[in-house]
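Observations on the three-dimensional arrangement
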Amino acid sequence: MTSVRLSIFMLLLLFGPPLSATDIRFSCSLWGCQAFQERAKIWAHEHGHRLISYEVGRMADNLLGFYRQFLSAQSQDFDILLIDTIWPGVLGQHLVDLRPYLSSSTIEQHFKPIIDNLTDESGHLVGLPLFTDAGLLYYRKDLLDKYGFAPPETWAELEHIARVIVEREADPQLVGFLWQGSGYEGLTCNALEWIDSYRGGTIIDATGEITINNPQARRALAMARDWIGTISPRTVLTYSEIETTQDFVAGHAIFMRNWMEYWKDVEAPDSAVKGRVGMVPLPKGGADGKHSGTLGDMSLAVSRYSEHIPEAVQLIVYLTDQQAQHQYATDYSFSPTIMDLYAVLSAIPERSFMFAFKDVLLNGVARPATVTGIAYPKVSKKFYTTVHAILSGEVAIDAALNTLEADLRLIHHRANW
């Protein structure tokens, strides 16, 4: 995910008074953590444990650095960590192999690509999936219906629809398309979707080959650059998921790229667009392109340096089982990692849209975190920094991609992925 998903809830256990056999440190902050907090309290009550809270920051990049600092020192201040899909290669050496503690059925019920991502080269399973996600297109059904448009299949169609509706509505606050353009991991997710939708690859392929400097990638980035100041405001270059959602929920945009979990904000009682929004896969890069949503699952892991490994494993199993994920989906619109739940959710009118989301997951695009391992944060930072400079008009696309390719080759040489 991305920074906001980590800001929604932080399931890490740190600081506080010296631990006793019945103390487990559980921290959860900002949006969406209520479901996890309440469920953890139930488990603690049933097992005689005490949950100790600690507030953490919102930014994923900062949290990863925080994890690395403490784990590298083999600190015992962590029991459970909430980890992004791109972190197993960075943190894996510090995490408990969960396979000896779990039955095969507990593991195999989850979406296999997520389990594969959480499994290192030695076959160690370093986390259990909590929920999954992928980039989606939110659109104003009322406005598209008003002007006779169907949801866009291609980016060109989205641009056309956005321009027409903005012009006809003549609302100075209405913009065409909002997305996450600030210089952070969220921009990597957005830009990877554009490039993959044009079949321009995944920055670095599964064999470790650097592929970003290609015609399809240049075409995708030129398209997005041309959005700035036209269908997207320049301020989008400062937006994360928070600002994007706030503006869309206020009724100030026709289209929004975001994650499934923000559906709950769109349909909240105080939302100005409640009942007037639909969701579809992100557009293709032309007739020969593909629908592409960046995958963004979140998982729970246990620190190797924890003094309470068995208890921590019990808690993460409880927080990720079928009953828990059903609750997260129905109450908070978090997408399950247990595939059997999608058929169950299809029978619930308020969550039936999740059944179609299963296909989005099956066709999602993964960031090159597994192949690059511990070097992924550097790879992503070089990528999103370059993309941000392109979108801002600071550098020409050809020159920027040539430099990016050279920088990635240097990282490759040093990291030897």
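About the thresholds
- Residues numbered from 1 in each chain as written.
- Predicted model: local features only at pLDDT ≥ 70, side-chain atom pairs only at ≥ 80, totals over all residues.
- Heavy atoms only, no water.
- Helix = DSSP H or I, 4+ residues; strand = E, 2+ residues; numbered from the N terminus.
- Areas by Shrake-Rupley, 256 points an atom, 1.4 Å probe, with all protein chains shown as cover.
- Pairing = 2+ DSSP bridges.
- Axes fitted to C-alpha atoms, helices over the stretch in contact; angles between N-to-C directions.
- Contact = heavy atoms within 4.5 Å.
- pLDDT = per-residue confidence, 0-100.
- Buried < 20%, exposed > 50% of the residue type's maximum accessible area, 1.4 Å probe, protein only.
- Polar contact = N/O pair within 3.5 Å; in protein donor to acceptor, adjacent residues only side chain to side chain.
- Parallel < 35°, antiparallel > 145°, perpendicular 65-115°, else oblique.
- Nonpolar A, V, L, I, M, F, W, Y, C, P; charged D, E, K, R; others polar.
- Salt bridge = Lys/Arg side-chain N within 4 Å of Asp/Glu carboxyl O.
- Core = buried A, V, L, I, M, F, W, Y, C linked by side-chain atoms within 4.5 Å.
- Arc of directions from axis to C-beta.
- Phe/Tyr/Trp six-rings, centres within 6.5 Å; stacked < 30°, edge-to-face > 60°.

On a plain count of helices and strands, the protein chain comes out with 19 helices and nine strands. Accessible surface, the protein chain: about 16400 Å² in total, of which carbon and sulfur atoms supply 50%.

A word on the sheet that holds strand 7 (residues 253-259). Spatially, the four strands line up as an open sheet ordered 6-7-5-8, and their pairing is mixed. Each of the sheet's edge strands pairs with one partner strand only, and the pair in question is strand 6 (175-178) and strand 8 (277-280). Strand-to-strand, the axes of this sheet are offset by a mean angle of 20°, without reference to chain direction. Examined bridge by bridge, strand 5 (residues 135-140) and strand 7 share five bridges and lie antiparallel to one another.

One open sheet accounts for three strands, arranged 3-9-4; its pairing is antiparallel. Single-partner strands in this sheet number two, and they are strand 3 (80-84) and strand 4 (128-131). Each strand of the sheet is rotated relative to its neighbour by a mean of 35°, with strand direction disregarded. For strand 4 and strand 9 (residues 298-302), the ladder comprises three bridges, and the chain directions are antiparallel. The partner of leucine 128 across the bridge, within strand 9, is leucine 300. The strands touched by helix 13 (residues 309-320) within the sheet are strand 3, strand 4 and strand 9, with strand 9 carrying the most contacts at an inclination of about 165°.

The next subject is the confidence of the model for the protein chain. Summarising the model, the protein chain shows a mean pLDDT of 89, and 90% of its residues fall at 70 or more. In this model, residues 3-21 is a region of pLDDT below 50 whose contacts with residues beyond four sequence positions or in other chains number 103 contacts.

A word on the side chain of asparagine 214. Structurally, asparagine 214 can be placed in the loop between helix 9 (185-197) and helix 10 (215-227). Given the relative accessible area of 12%, asparagine 214 is considered buried. At 2.6 Å, the side chain of asparagine 214 forms a polar contact with the backbone oxygen of threonine 211.

Our focus in this paragraph is the packing of helix 18 (residues 376-391) against helix 19 (residues 397-415). The geometry of helix 18 relative to helix 19 is characterised by a closest axis approach of 10 Å and an angle of 170° between their N-to-C directions. Relative to helix 19, the element helix 18 is oriented roughly antiparallel. The segment helix 18 lies against helix 19, with Lys378, Val379, Lys382, Phe383, Thr386 and Ile390 engaging Ile397, Ala400, Leu404, Asp407, Leu408 and Ile411. Taken together, the residues of the contact of helix 18 with helix 19 sort by class into eight nonpolar, one polar and three charged.

Within the structure shown, the criterion is met by 13 salt bridges. Arginine 39 serves as the salt-bridge partner of aspartate 321, at 3.3 Å between the closest nitrogen and oxygen. With aspartate 321 in the loop between helix 13 and helix 14 (322-332) and arginine 39 in helix 2 (residues 34-47), this residue pair connects regions lying 282 residues apart in the sequence. Overall, the relative accessible area of 23% leaves aspartate 321 in the partly exposed class. With a closest N to O distance of 2.9 Å, aspartate 142 and arginine 140 form a salt bridge. The structure contains a network of salt bridges with shared partners spanning Arg140, Asp142 and Arg276.

Turning next to the nonpolar core. In globular proteins that are soluble, nonpolar side chains generally tend to be buried together. Formed by 134 residues in total, the largest nonpolar core has its most connected members in Tyr67, Trp179, Trp194, Ile212 and Phe255. Residues in contact with tryptophan 179, not counting those within four places in the same chain, are Leu187, Asn190, Trp194, Trp227, Ile228, Ser232, Val236, Leu237, Tyr239, Thr244, Arg257 and Leu391.

Looking now at unusual backbone geometry. Phi at serine 333 is positive, roughly 60°, even though this residue is not glycine. Backbone geometry at asparagine 416 places phi at a positive 55°, although glycine is not the residue there. You can see asparagine 416 is positioned in the segment after helix 19. By relative accessible area, which is 63% here, asparagine 416 ends up exposed.

For helix 14, the set of buried residues is Ala324, Gln325, Tyr328, Ala329 and Tyr332. All buried residues of helix 14 project into a common sector of 135° when viewed along the axis, lining one side. Its side-chain oxygen 3.3 Å from the backbone nitrogen of glutamine 323, aspartate 321 forms the N-cap of helix 14. Backbone geometry just downstream of helix 14 places serine 333 in the positive-phi region, at approximately 60°.

Here the structure, examined in full by the defined rule, presents 15 aromatic pairs. Consider the rings of tyrosine 138 and phenylalanine 248, whose centres lie 6.3 Å apart with planes at 70°: the pair is edge-to-face. Of this pair, tyrosine 138 sits in strand 5 while phenylalanine 248 sits in helix 11 (residues 241-249), and the two are 110 residues apart along the sequence. Comparing tyrosine 138 with phenylalanine 248 shows no difference in burial state: the two are buried.

Okay, the side chain of threonine 245 next. Along the chain, threonine 245 turns up in helix 11. You can call threonine 245 buried: its relative accessible area is 3%. In this structure the side chain of threonine 245 is engaged in a polar contact, spanning 2.9 Å, whose partner is the side chain of asparagine 258. Residues within four places of threonine 245 in sequence aside, it is in contact with Met256, Asn258, Tyr262 and Asp265.

This part is about the pairing of strand 9. With five of five residues buried, strand 9 lies mostly within the body of the structure. Covered by surrounding structure in strand 9 are Met298, Leu300 and Val302 together with Ser299 and Ala301, the residues of both alternating faces.

Of all five residues in strand 3, five are buried, a share of seventy percent or more. Neither face of strand 3 is exposed, since Ile80, Leu82 and Asp84 on one face and Leu81 and Ile83 on the opposite face are all buried. Here strand 3 runs beside strand 9; their pairing, made up of five bridges, is antiparallel. The partner of aspartate 84 across the bridge, within strand 9, is methionine 298.

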